[in-house]
Amino acid sequence: MVMMPKRVKYRKLQKGSRRGVATCGAELAFGEFGIKVLENGWIKNNQIEAVRVILARQLHKGGKMWIRIFPDKSITKKPAEVRMGKGKGDLDHWVAVVKRGRVLFELGGVPEEYARHCFRLAAYKLPLRTKFITRIHK
């Protein structure tokens, strides 16, 4: 299952900015535990899918998972050994633009140690440094 938008207004986008700090999506909204990104960058649709598969396998029947990012930016690429010019390349893959502080995934209904274990496995599949976060119970 490839994550990508159903339809877009423009097929090919400009590179854009990866600077700054996440203003929205920086707090836990659904579960008790989450994984937060510590760097700016792009996360490809197949990397999000790999993490989804790992978390779904680890949860098997217990707990709930939320994916807080979606790959809505298209990335183009020209074929190998093609001369410069002749326009922008063909669509290659989709990415989610993440800024530092953004919550990527959340888990609920599982013990903290198990959530840490799950997110450690997930972090290996991601290209950016991440941090385990938890909701403070008062």
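An account of the accompanying structure is given in this report.

**Structural notes on the pairing of strand β1 (residues 33-37)**
- A large share of β1 lies buried, amounting to 5 of its 5 residues.
- Side-chain alternation along β1 places Phe-33, Ile-35 and Val-37 on one buried face and Gly-34 and Lys-36 on a second face that is also buried.
- As paired strands, β1 and strand β7 (residues 130-134) are joined by 5 bridges and run antiparallel to one another. Bridge pairing in β7 links Gly-34 to Ile-133.

**Topic: the packing of aromatic side chains**
- Following the criterion strictly, the structure yields 3 aromatic pairs and no others.
- Summarising the aromatic geometry, the rings of Phe-33 and Phe-132 are spaced 5.8 Å apart at their centres and angled 20 degrees between planes, so their arrangement reads as stacked. Note that Phe-33 is positioned in strand β1 and Phe-132 in strand β7, a separation of 99 residues in sequence. This pair shows no difference in class: Phe-33 is buried, exactly as Phe-132 is.
- With a centroid separation of 6.0 Å and an interplanar angle of 55 degrees, the aromatic rings of Phe-119 and Phe-132 are classed as tilted. Of this pair, Phe-119 sits in helix α2 (residues 112-123) while Phe-132 sits in strand β7, placing them 13 residues apart in sequence. Here the two residues Phe-119 and Phe-132 agree in accessibility, since each one is buried.
- We note Arg-18 situated over the ring of Trp-42; from NZ or CZ to the ring centre the distance is 3.9 Å.

Cut-offs applied
Residue numbers run consecutively from 1 along every chain, following the written order of its sequence. At least 70 in pLDDT is required for a residue's local features to be given in this predicted model, at least 80 for side-chain atom pairs to be given and counted, and no such filter applies to totals for whole chains, interfaces and linings, which use all residues. Only heavy atoms go into the side-chain values, all of them from the structure, while hydrogens and water stay out. A simple rule labels every residue: compare its accessible area, found with a 1.4 Å probe on the protein chains alone, to the largest value its type can have, and call it buried under 20%, exposed over 50%, or partly exposed in between. Numbered from the N terminus, helices here are DSSP runs of H or I no shorter than four residues, and strands are runs of E no shorter than two. Think of it this way: DSSP has to see at least two bridges between two strands before they count as a pair. Side-chain rings of Phe, Tyr and Trp (the six-membered ring for Trp) are treated as a pair once their centres are within 6.5 Å; stacked means planes under 30 degrees apart, edge-to-face means over 60, and tilted covers the remaining angles. Consider the ring centre and the ring normal. A charge sits over the ring if Lys NZ or Arg CZ is within 6 Å of that centre and within 35 degrees of that normal.

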